[in-house]
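These are the residues of each chain, in order.
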2 protein chains.
Amino acid sequence: MQILRTVAELRTRVRGWKQDGRQVGVVPTMGALHEGHMSLVRAARRGCDRVIVTIFVNPMQFNNPDDLSKYPRTEDADAALLFREGVDILFAPGPDEVYPQGFDSRVLVGGVTAPLEGEMRPGHFEGVATVVAKLFGMTQADRAYFGQKDWQQLQVVRRMVTDLNIPVEVVGCETIREADGLAMSSRNARLDPLSRAQAPALHRIMVKTAAQIRGGSEIAASLAQARDDLRQAGFTEVEYLDLRTAAMLEPATGIEQPVRLLAAAWIGGVRLIDNIPV
Amino acid sequence: MQILRTVAELRTRVRGWKQDGRQVGVVPTMGALHEGHMSLVRAARRGCDRVIVTIFVNPMQFNNPDDLSKYPRTEDADAALLFREGVDILFAPGPDEVYPQGFDSRVLVGGVTAPLEGEMRPGHFEGVATVVAKLFGMTQADRAYFGQKDWQQLQVVRRMVTDLNIPVEVVGCETIREADGLAMSSRNARLDPLSRAQAPALHRIMVKTAAQIRGGSEIAASLAQARDDLRQAGFTEVEYLDLRTAAMLEPATGIEQPVRLLAAAWIGGVRLIDNIPV
């Protein structure tokens, strides 16, 4: 595995692969890798001849500077994990390589970016769309692997790829969970022992609520009950827990079309998100 | 030469070329082709193994609906010209192929889009950047050819390609002029005989003004004189005639760095633009 820091080096390697007719997969990450990321890497390994993992903590997608500075950076451990999975290139550029002086463009996606995370984190999806477009251009990947854990992000990336005709296939992979149901996340490491013990309630309550809604319970009442249950279970703030259409994330009033439960809630000073199909 | 209407057909053809290691050039146009476009096609023919010319009158870049409806559409004549130049594919999609239902993304470039055309035509460069990004994704071209006649557009495209790491080389080609100096433009066909006879004054006055500035004349006074001269020569409105830095198009107070004269002016109800180096 090579660790590369510059777009020029990356392009040179990729050009060689393309000339040899190799299919290239990319797994864009912000590092602090866990089993969720590893499942994406393995999917890329199965689906492509060559695999690039990118690690870049993208300042443009952090609306909160404190969140950016607290984001865990564990590159040596990450590199060791990726080496064992047979990754070909770890691309880990610095901020000046991604946003050099004079940088002045951005990709805006409408509609699907507006609610939920878009409402709670102004500018977040503009930063995501822009950096993902850049990573697609840098890597010229044939396929890109994203986790369903960040469901709205996955829809934003799909929308952007379709709308801008970017020649990449977006593959969404199942959320990987701890044995107790907690969705894997780099943020989980910041949970104190009590909060970590309480955190699986998020997934448990969502699963119960989805079953109720599938069983015919009134949607608004089920969601209100779920939000109450979360607070009872130790969550200090429920930013949203909502039933939404799967692709456009519009409020869902029924379950005739594909819908998902999506939630963001705080526990022990850490913001957790999760989502499941209904 | 094949005429293709859908992205899917285009992608299939391009995939075959890429597998054979062919270098692909694209010349994005809005049709109504003239010798200026043909010079771009010939440059692409010299520089690439395969040449795609796109014809798409992009509604997103017209701030004025009247200008859009009046834009000349001459596809049969255009196709005949391109056939003679040995173009491989004429890609001429309809608006629904480029902007299908649900389309909701755009590319915004800052800085260089703000003055001159950006000020006179709100939203214009957003439409240009977005459609050019799409055409790059659709064609996966290795090189793209643009005329220097639309100098600001060329800078916007360069900025976008750099900022979003789009894997295409942008080639800017010299403005092609009529024998009397008038820059070739699809709009020239809309000039009545008197206006057509007067229109070359735009280039003539710009050349004279550039020489004066190079010779040490005071810049503001030279530009004011040039605007007066244009009105004397039959131009009814001078939107701008300005000295700007070549890449960022900031107001230039000297000629130590690369600078250009850029102008937009109306004659006989037609808006003409031109630019030259100083």
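Just so it is clear, the model here is predicted, and its values are computed rather than measured.

**Examining the overall build of chain A**
- A tally of regular secondary structure across chain A gives 11 helices and 10 strands.
- On C-alpha atoms alone, chain A measures out to a radius of gyration of 19 Å, which is about the 19 Å that the 2.2 N^0.38 rule sets for 278 residues.
- Burial statistics for chain A: of 278 residues in total, 56% are counted as buried.
- The contacts of chain A with a sequence gap of at least 6 include a subset with a gap of at least 24, amounting to 72%.

**Section: the relation of the copies chain A and chain B**
- Overlay of chain A on chain B (RMSD 0.0 Å): rotation 180 degrees, translation along the axis 0.0 Å. Such a combination of rotation and displacement between the chain copies is what one expects of a two-fold axis. When C-alpha positions in chain A are compared against the rotation axis, the closest is assigned to Val107(A), at 2.3 Å.
- In this assembly, 100% of the residues forming the interface of chain A have copies in chain B that are likewise at the interface, indicating an isologous arrangement.

**Thoughts on a nonpolar patch on the surface**
- Together, Met1(A), Ile3(A) and Phe83(A) make up a nonpolar patch on the protein surface, roughly 290 Å² of accessible area in all.
- Mapping Phe83(A) onto the fold places it in helix α4 (residues 75-84).

**Quick notes on the UniProt feature "binding site: beta-alanine" (unreviewed entry) in chain A**
All names here are of chain A.
- In this structure's numbering, the residues bearing the UniProt feature "binding site: beta-alanine" (unreviewed entry) are Gln61.
- Following the sequence through the fold, glutamine 61 ends up in the loop between β3 (50-55) and α3 (65-70).
- Judged by relative accessible area, which is 9%, glutamine 61 ranks as buried.

**Some thoughts on the packing of helix α7 (residues 124-139) of chain B against helix α8 (residues 151-163) of chain B**
All names here are of chain B.
- Between α7 and α8, the shortest axis-to-axis distance is 10 Å and the interhelical angle comes to 55 degrees. Taken together, the axes of α7 and α8 are oblique relative to one another. Crossing geometry of α7 relative to α8 is assigned as right-handed. Of the residues in α8, those touching α7 at Phe125, Val128, Ala129, Val132, Ala133 and Phe136 are Gln152, Gln153, Val156, Val157, Met160 and Val161.
- For the contact of α7 with α8, a count of residues per class yields 10 nonpolar, 2 polar and no charged.

**A word on the pattern of salt bridges**
All names here are of chain A.
- Counted according to the given criterion, the structure contains 42 salt bridges over all chains.
- Here lysine 18 makes a salt bridge to aspartate 142, at a shortest N to O gap of 3.6 Å. Of this pair, lysine 18 sits in helix α1 (residues 7-19) while aspartate 142 sits in the loop between α7 (124-139) and β6 (143-147), placing them 124 residues apart in sequence.
- Given the relative accessible area of 30%, lysine 18 is considered partly exposed.

**What about the nonpolar core?**
- Grouped together as the largest cluster of nonpolar side chains are 90 residues, with contacts concentrated most on Ile52(A), Phe136(A), Met160(A), Ile52(B), Phe136(B) and Met160(B).
- Setting aside anything within four residues of it in sequence, one finds Met160(A) in contact with Val107(A), Val109(A), Ala129(A), Val132(A), Ala133(A), Phe136(A), Asn165(A), Ile166(A) and Ser105(B).
- If you look at the next biggest cluster of nonpolar residues, it comprises 27 residues, including Ile219(A), Ala233(A), Phe235(A) and Val259(A).

**A word on the layout of surface pockets**
- Empty space within the largest pocket amounts to approximately 1,400 Å³.
- Looking at the lining of the largest pocket, the elements that each hand over two or more residues are α1 and α7 of chain A together with α1 (7-19) and α7 of chain B.
- A total of 5 residues in the lining of the largest pocket trace back to one element, the largest contributor, which is α1(B).
- Grouping the amino acids of the lining of the largest pocket by side-chain chemistry returns 15 nonpolar, 10 polar and 14 charged.

**Quick word on the sheet that holds strand β8 (residues 237-245) of chain B**
All names here are of chain B.
- Strand order in the open sheet formed by 3 strands is β8-β9-β10, with antiparallel pairing between adjacent strands. What marks the edges here is a single partner per strand, and that holds for β8 and β10 (270-277). Between one strand axis and the next, the sheet turns by 10 degrees as a mean value, whatever way the strands run.
- The pairing of β8 with strand β9 (residues 259-267) spans 8 bridges and is classified as antiparallel. Bridge pairing in β9 links arginine 244 to arginine 260.
- The strands that helix α11 (residues 219-232) touches are β8 and β9; relative to β8, the one it contacts most, it runs at about 150 degrees.

**Let's talk about the sheet that holds strand β9 (residues 259-267) of chain A**
All names here are of chain A.
- One open sheet accounts for 3 strands, arranged β8-β9-β10; its pairing is antiparallel. The strands lining the two open edges of the sheet, one partner per strand, are β8 (237-245) and β10 (270-277). Averaged over neighbouring strand pairs, the angle between their axes works out to 10 degrees when direction is ignored.
- Helix α11 (residues 219-232) rests against β8 and β9 of the sheet, and its axis sits at about 150 degrees to β8.

**Some details on the domain arrangement of chain A**
All names here are of chain A.
- Partitioning chain A into structural domains gives domain 1 (2-173) and domain 2 (186-277).
- Look at where the C-alpha atoms of domain 1 and domain 2 centre, and you get two points 26 Å apart.
- Between domain 1 and domain 2, the contact holds 20 residues from the first and 17 residues from the second.
- Buried surface at the junction of domain 1 and domain 2, summed over both partners, amounts to about 1,700 Å²; 55% is from carbon and sulfur atoms.

**Topic: the interface of chain A and chain B**
- With 26 residues of chain A at the interface, the matching set in chain B holds 26 residues.
- Summing the contributions of chain A and of chain B, the shared interface buries around 2,100 Å²; its carbon and sulfur component is 50%.
- If you sort the residues of chain A by the area they bury against chain B, Leu108(A), Leu164(A) and Asn165(A) come out on top, with a joint share of 27%.
- Applying the counting rule to chain A against chain B returns 18 residue pairs in polar contact (both at pLDDT 80 or more).
- Sorting the residues of the side of chain A that touches chain B by element identifies α1, β5 (105-109), α7 and α8 (151-163) of chain A as the ones contributing at least two each.
- Tallied by class, the residues present in the side of chain A that touches chain B amount to 11 nonpolar, 9 polar and 6 charged.
- Direction of pairing for β5(A) relative to strand β5 (residues 105-109) of chain B: antiparallel, over a ladder of 5 bridges. If you follow Arg106(A) over to β5(B), its bridge partner there is Leu108(B).

**So, the packing of aromatic side chains**
- One pass over the structure, following the stated rule, counts 8 aromatic pairs over all chains.
- Summarising the aromatic geometry, the rings of Phe56(A) and Tyr99(A) are spaced 6.1 Å apart at their centres and angled 50 degrees between planes, so their arrangement reads as tilted. With Phe56(A) in the loop between β3 and α3 and Tyr99(A) in the loop between α5 (95-98) and β5, the pair connects residues that are 43 residues apart, well separated along the chain. Across the pair, exposure class does not vary: Phe56(A) and Tyr99(A) are buried alike.
- Relative to Phe146(B), the ring of Phe136(B) lies with its centre 6.3 Å away and its plane at 85 degrees, an arrangement referred to as edge-to-face.

Definitions and cut-offs
- Residues numbered from 1 in each chain as written.
- Chains lettered and ligands numbered in written order.
- Predicted model: local features only at pLDDT ≥ 70, side-chain atom pairs only at ≥ 80, totals over all residues.
- Heavy atoms only, no water.
- Helix = DSSP H or I, 4+ residues; strand = E, 2+ residues; numbered from the N terminus.
- Rg over C-alpha atoms; globule rule 2.2 N^0.38 Å.
- Buried < 20%, exposed > 50% of the residue type's maximum accessible area, 1.4 Å probe, protein only.
- Contact = heavy atoms within 4.5 Å.
- Least-squares fit on C-alpha atoms with pLDDT ≥ 70 in both.
- Patch = residues over 30% accessible without salt bridge, like charges linked within 9 Å, V, L, I, M, F, W, Y side chains within 5 Å.
- Areas by Shrake-Rupley, 256 points an atom, 1.4 Å probe, with all protein chains shown as cover.
- Salt bridge = Lys/Arg side-chain N within 4 Å of Asp/Glu carboxyl O.
- UniProt positions renumbered as here; feature names shortened; annotations may be inferred.
- Axes fitted to C-alpha atoms, helices over the stretch in contact; angles between N-to-C directions.
- Parallel < 35°, antiparallel > 145°, perpendicular 65-115°, else oblique.
- Left-handed = near helix turned anticlockwise from the far one by under 90°.
- Nonpolar A, V, L, I, M, F, W, Y, C, P; charged D, E, K, R; others polar.
- Core = buried A, V, L, I, M, F, W, Y, C linked by side-chain atoms within 4.5 Å.
- 1 Å grid on protein atoms, 1.4 Å probe; cavity = no way out; pocket = protein on both sides within 12 Å on 5 of 7 lines; lining within 4 Å.
- Points joined across faces, edges and corners; volume = space filled by probe spheres on them.
- Pairing = 2+ DSSP bridges.
- Domains from an automatic or database assignment.
- Buried area = accessible area lost by both parts, 1.4 Å probe.
- Polar contact = N/O pair within 3.5 Å; in protein donor to acceptor, adjacent residues only side chain to side chain.
- Phe/Tyr/Trp six-rings, centres within 6.5 Å; stacked < 30°, edge-to-face > 60°.

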